[in-house]
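Spelled out, the chains give:
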Amino acid sequence: TVLQELLDSRLKGNNSVGSYASAFSIPYSDGGLIGAYCASSSVAGAEELVNNVFKELKEIAASCDISAATNKLTLSNVMALEGVNSAADLMLAANVQGLDTMEYAVVGNVTAKDVSAAAAAVLKANPAIAVLGATYGLKSFESMKSSMQ
């Protein structure tokens, strides 16, 4: 999705030593799942990454320039048509959405307003959080959820 591509480029631009964050998305017939993968060598770094995800989503919800993200995603989708597995994935995703494969691949009809609305919807949703490793000192679920507002 364009939101995932935009969030991913912003998160990767803010990675520091010992920390890494990226965004992912999984399409469904009526919407999808968007998330962020954060890894850090310290609790403070992990909290900084989580806060940065929320900050970036809030900025995207307020306003965003999606031209670079749509261009990159369109190129990625069109190039995926060259590979057997990724072409099948792309065709299946297009079919689920009821679209022609090329219509799905070229995301030029997505507007900044659409992406901002999607980011706002993500911020209003109940998050799912999974943590692996030392968790002592991390914010509580409720605290993370309130940070999204």
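Refer to the structure presented above.
The structure displayed is predicted, hence computed values, not measured ones. (Residues numbered from 1 in each chain as written. Predicted model: local features only at pLDDT ≥ 70, side-chain atom pairs only at ≥ 80, totals over all residues. Heavy atoms only, no water.)

(A) Geometry of the overall build of the chain. If you tally the helices and strands in the chain, you get seven helices and two strands. For the chain, the α and β elements follow one another from N to C terminus as α-β-β-α-α-α-α-α-α. Scaling as 2.2 N^0.38, a compact globule of 149 residues should have a C-alpha radius of gyration of about 15 Å, and the chain matches this with 16 Å. Along the longest, intermediate and shortest principal axes, the C-alpha atoms of the chain span 50 × 30 × 25 Å. (Helix = DSSP H or I, 4+ residues; strand = E, 2+ residues; numbered from the N terminus. Rg over C-alpha atoms; globule rule 2.2 N^0.38 Å.)

(B) Summary view of the pattern of salt bridges. A full pass over the atoms with the stated rule returns six salt bridges. One salt bridge in this structure joins Lys12 and Asp8, with 3.2 Å as the shortest N-O distance. You can see Lys12 and its partner Asp8 sitting in helix 1 (residues 2-12), four residues apart, about one turn around the helix. Among the salt bridges present, the one from Glu59 reaches Lys55, with a minimum N-O distance of 3.6 Å. One end of the pair, Glu59, and the other, Lys55, are both in helix 2 (residues 43-62), four residues apart, so they sit about a helical turn from each other. Looking at Glu59, the relative accessible area reads 37%, which means it is partly exposed. (Salt bridge = Lys/Arg side-chain N within 4 Å of Asp/Glu carboxyl O. Buried < 20%, exposed > 50% of the residue type's maximum accessible area, 1.4 Å probe, protein only.)

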